[in-house]
Each structure stands twice: as C-alpha cells, then as structure tokens.
Amino acid sequence: MIDRWNRTIDYIRISVTDRCNLRCIYCMPQEGIEARPHEEILTYDEIIRLCRCFLKFGINKIKITGGEPLVRKDIAFLIGQLKALEGMKEVTLTTNGMLLEQYLPDLISSGLDGVNISLDTLDPLKYQQITKKDAFMEVYSAIGKALNYEKLKVKINCVPFSDTDQKDLIDIAGLAKNSRLVVRFIEMMPIGLGKSFTYYSEEAIIAILEEVYGAFEPVNTVLGNGPAHYYSLPGFKGKVGFISALSHKFCNECNRVRLTSEGYLKTCLHYEQGTDLKAILRGDREDSYLEQMIEKTIYEKPVSHNFKGDNPQGAYELDGMSRIGG
Ligand code: SAM
Ligand code: SF4
C-alpha cells in the first residue's frame, strides 16, 4: 500500500520472540532482558491471520526476526505456513546463525527464500567478546552449509562499531570474494544499547576496503528488498553492500513496517508510533476491523527517523533492537 508520503510499503519484519541465545554488546545486556511471558507473544495462528490481512495491502515480503528467531520452537513450520499464503512473494530469515546448521534442512523444506546471518568478525576470540558466547565455529560452519543450497539467498550482516578494526572489515568483506555471499555493512543505529557506540560510516569502510580489494563499482540492479545499495569488487564472486541509515538517510525510500513479538505494529524503527494489533486480535474483532487499523497505522508512518536529532516527530522508541528485531 501507499503511505501518506507516497512510499510503497510491501515488506514487513516480524519478530517471533524477544529471547536470544547471544548477548551482543550493542544489542542485549549481558544479564539479558526480562523476557515477555509466553502468553504475551503472538501465537503462530495469530501471526498467520495478521499476514493474511497484510497481504491484502500488498505486503508480500516477510523477514522473520527476533530476538533470535531460531530459539522459538517449530519456526520452520511457521515459515511453511506463511509461504503457502496466497500472494506471498518471499519469506526470509535473519539469524545469528548459532542454531542455523541444525535447522537448515527443515527451513529449506519449508520454502525459505533467504537467510541473513549476523557476523561482525572472523576472529573467534573477538566473536566471543562481542556476543559473549564461544560460538564462532557454529556460525561459520552454518554459512558454508547455507551456501550449499543454491536457491537460498545468503547474506552476511555486519555492524561495525568502535571496537571493530580494519582487519575485521577486510576479513568480513573477503567472505564475498570466493563465494556468492552478499556481505552488508550496517551503520550502528542509536537505538537501545546502540546509543553507546559510534557508527562506522560507509565512506570510511569503502576507503579501507578499496586499498585492499580495489575499486568499488556500484551495482545498479535491484538485489534485495530494502535500503541497501551494493557494489561489485574486482575478482569478487559475491557483492558488498551498505545499509547506511545515518550517512545516507534513505527514509524517502522506506518500504517497511515491523511487527513485534507482542503484536505491536510499528511503523518506524526510531519512533514508538504504531498500533497494538494483539489487543484487537484477542478482542474478538472481525478481520475487517483489523484491516482498517492496519491501513490507518501504515498510512500514518512517520516521514523519517531522527537519528541526528534535528527534526523530532513524536515519542522515541524506548525498547532495544532485540525487542524490535532490527
Ligand atoms: N538475532 C538475530 C540476528 O542477530 O540476526 C535477529 C535480530 S537482530 C536485532 C537483527 C540485526 O540487528 C542484527 O544483524 C544485529 O547486528 C542488528 N543490530 C542490533 N543492534 C543494532 C543497532 N543498534 N544498529 C544497527 N543494527 C543493529
Ligand atoms: Fe541476539 Fe541478534 Fe541482538 Fe545479537 S544482535 S543479541 S544475536 S538479537
């Protein structure tokens, strides 16, 4: 559907849990966050019912996220059900990759179209310092296994920050050299714990990588569902991309909304603006009322984030990324 700023909204990120098996220092405090009780989290039937409504508005691309989505039971079942909905174009998953290898066969059988794996370093010790778990090998091995499924799109998401050094950037980008991997660098956003870290700008990263890998060539074909833009590098099989919310604000092209695990339809990462769809779902209302509320909520999506603090447009989001889903 088209929002009041004339943007086409056709993509939703659905968080299926606020729980996580890692504690990335910019995302979740070491002691964790108080997990919402299970009964507060949308059931799969509720998510599917909502997705049928979203489809009526042309929202036909879904990213399953968390917390860590693979810690929720039977996630492949949900993905299969979503893929079977009439008009669904694409269902993808974003994961820290720790449990990916074990669930890959089921995810593939369910029709998963793509997986984004979060990885900030290729140094196992540093990985442990960032995530608070000695799990690098599980993630690294899962990447290789995922690449074996030819039809599965596989991307790496890296969020560089003050502790990231040039070697990390070079190593992570290098993953795209001999494989079809698409590696994306995401600028750290000032949400939750992310506020305490400075972001690495796209320009700074390109300058470092060009010294090692040669000139970046912009890719003009559409490669994903969202705001990332991509480059090819000399001799690289894969691509390198950037999601630069701060240095290249892309709100005028924003095509997405978010559904939290508690059923809150959230229209901008930065603001708390949205609608509690769970209250409607559980309030015995007809789908027509749900649809009316979805349409109204999305239509009023804020014009842009305000990460640089120059143009506030409402109450800011107070929850961290692990609750919002990235
Ligand atoms: N646990 C899954 C994972 O790590 O991919 C899914 C949820 S996680 C919140 C989704 C993505 O958000 C991850 O790639 C993570 O690195 C990123 N992220 C977390 N905090 C961020 C921040 N402040 N700015 C930008 N990206 C962030
Ligand atoms: Fe968990 Fe993902 Fe946040 Fe890391 S980024 S703590 S894996 S939700």
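Given the structure is predicted, the values throughout are model-derived calculations rather than measurements.

A. Local environment of the overall build of the chain. A tally of regular secondary structure across the chain gives ten helices and twelve strands. Relative to the 2.2 N^0.38 estimate, which gives 20 Å for 326 residues, the radius of gyration of the chain is 19 Å and therefore close to what a compact globule would have. Referenced to the eigenvectors of the C-alpha coordinate spread, the extents of the chain come out at roughly 60 × 45 × 40 Å. Out of the 326 residues in the chain, the part that is buried amounts to 56%.

B. The arrangement of helix 2 (residues 75-83) in detail. All of the buried residues in helix 2 are I75, A76, L78, I79 and L82. Down the axis of helix 2, the sector holding all buried residues measures 155°, keeping them to one side.

C. Broad picture of the site of ligand 1. Y26, G67, S118, M189 and M321 are the nearest of the 18 residues found near ligand 1. For ligand 1, an oxygen atom lies 3.3 Å from a polar atom in the side chain of T94. Burial of ligand 1 by the protein amounts to 95% of the accessible area it has alone, namely 550 Å². Looking at side-chain class alone, the shell around ligand 1 contains six nonpolar, ten polar and two charged residues.

D. Looking closely at the pattern of salt bridges. According to the stated counting rule, one finds 14 salt bridges in the structure shown. Residues K56 and E291 are paired through a salt bridge, measuring 2.9 Å at the closest nitrogen-oxygen approach. Of the two residues, K56 is situated in helix 1 (residues 44-56) and E291 in helix 9 (residues 287-299); the sequence distance between them amounts to 235 residues. Residue K56 is classed as exposed on the basis of its relative accessible area, which comes to 58%. With a closest N to O distance of 2.7 Å, K153 and E90 form a salt bridge.

E. Structural detail: the site of ligand 2. Around ligand 2, the neighbouring residues are C20, L22, C24, C27, M28, G67 and N96. Of the residues assigned to the shell around ligand 2, the class counts are five nonpolar, two polar and no charged.

The rules behind each value
Residues numbered from 1 in each chain as written. Chains lettered and ligands numbered in written order. Predicted model: local features only at pLDDT ≥ 70, side-chain atom pairs only at ≥ 80, totals over all residues. Heavy atoms only, no water. Helix = DSSP H or I, 4+ residues; strand = E, 2+ residues; numbered from the N terminus. Rg over C-alpha atoms; globule rule 2.2 N^0.38 Å. Buried < 20%, exposed > 50% of the residue type's maximum accessible area, 1.4 Å probe, protein only. Arc of directions from axis to C-beta. Near = heavy atom within 4 Å. Polar contact = N/O pair within 3.5 Å; in protein donor to acceptor, adjacent residues only side chain to side chain. Areas by Shrake-Rupley, 256 points an atom, 1.4 Å probe, with all protein chains shown as cover. Nonpolar A, V, L, I, M, F, W, Y, C, P; charged D, E, K, R; others polar. Salt bridge = Lys/Arg side-chain N within 4 Å of Asp/Glu carboxyl O.

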